[in-house]
Amino acid sequence: MNKTLSIIKPDATSRNITGAINSIIEKEGIKIIAQKRIKLSKEQASEFYKIHEDKPFFNDLIEYMTSGAVIVQVLQGDDVINKYREIMGATNPEKAKEGTIRKKFALSIQENAVHGSDSSENAGNEINFFFKENEIIT
Ligand code: CMP
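Procedures and definitions
Residues numbered from 1 in each chain as written. Predicted model: local features only at pLDDT ≥ 70, side-chain atom pairs only at ≥ 80, totals over all residues. Heavy atoms only, no water. Core = buried A, V, L, I, M, F, W, Y, C linked by side-chain atoms within 4.5 Å. Buried < 20%, exposed > 50% of the residue type's maximum accessible area, 1.4 Å probe, protein only. Helix = DSSP H or I, 4+ residues; strand = E, 2+ residues; numbered from the N terminus. Phe/Tyr/Trp six-rings, centres within 6.5 Å; stacked < 30°, edge-to-face > 60°. Lys NZ or Arg CZ within 6 Å of the ring centre and 35° of its normal. Near = heavy atom within 4 Å. Polar contact = N/O pair within 3.5 Å; in protein donor to acceptor, adjacent residues only side chain to side chain. 1 Å grid on protein atoms, 1.4 Å probe; cavity = no way out; pocket = protein on both sides within 12 Å on 5 of 7 lines; lining within 4 Å. Sits in = over half its atoms within 2 Å of the grid points. Nonpolar A, V, L, I, M, F, W, Y, C, P; charged D, E, K, R; others polar.

### A closer look at the nonpolar core
- Core analysis: the biggest nonpolar cluster contains 20 residues, and Ile 7, Met 65, Phe 130 and Phe 131 have the highest contact counts within it.
- Among the elements of the structure, strand S1 (3–8), strand S2 (31–38), helix H3 (42–48), helix H4 (58–65), strand S3 (70–76) and helix H7 (120–130) are those that each provide at least two residues to this core.
- Looking at this core, the element that brings in the most residues is H4, giving 5 residues.
- Ile 8, Ile 24, Val 80 and Val 114 belong to the second largest nonpolar core, which has 17 residues in total.

Right under this line is the structure:
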């Protein structure tokens, strides 16, 4: 699997830093092969984050993810799932390494600027969640 699903989250779209994030992605040699700006419904966000539905932060997460625009994108590159997770940095920005997107831009563990798929299986499912085959130009 040389593709992964990325989401630029509402805290980042509202601060007008989506270009800055895309610039980091592209400088790392990763290609953005599909991209759209959308507003998630509560149903979509709840379905997307279903694996977290028992977590204490689930309701806040759904409120936040539906609070504004997000940019969903398909990224392509060698070992891109792992590579993008490295570039994003740790979920908690306090633990993210220098130079990562979250270290640079995340506001908190929740408002952490970006999402990236964490496995090959999830990447496939998450890409199919947002994109039709003919919307992805490899
Ligand atoms: P993400 O990588 O998209 O996966 C699940 C999201 O839930 C995560 O980024 C954060 O936005 C949010 N999240 C994860 N852990 C916590 C937490 N402990 N408290 C609040 N939000 C969290």
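### Structural notes on the packing of aromatic side chains
- A full pass over the atoms with the stated rule returns 4 aromatic pairs.
- Seen from their ring centres, Phe 48 and Phe 130 are 5.4 Å apart, and the 45 degrees between their planes marks the pair as tilted. In this pair, Phe 48 sits in helix H3 while Phe 130 sits in helix H7, placing the two residues 82 residues apart along the sequence.
- Taking the relative accessible area as the measure of exposure, Phe 130 reaches 7% and is therefore buried.
- Among the aromatic residues, those joined into a cluster by ring pairs are Phe 48, Tyr 49, Phe 129 and Phe 130.
- Directly above the ring of Phe 131 sits Lys 36, whose terminal nitrogen or CZ lies 4.8 Å from the centroid.

### Considering the site of the ligand
- The local shell around the ligand consists of Lys 9, Tyr 49, His 52, Phe 57, Leu 61, Thr 91, Arg 102, Ile 109, Gln 110, Asn 112 and His 115.
- Contacts to the ligand include Gln 110, whose backbone N or O atom sits 2.9 Å from an oxygen atom.
- Contact between the ligand and His 115: an oxygen atom at 2.9 Å from a side-chain N or O atom of the residue.
- Spatially, the ligand is embedded in the largest pocket.
- Per-class residue counts for the shell around the ligand are 4 nonpolar, 5 polar and 2 charged.

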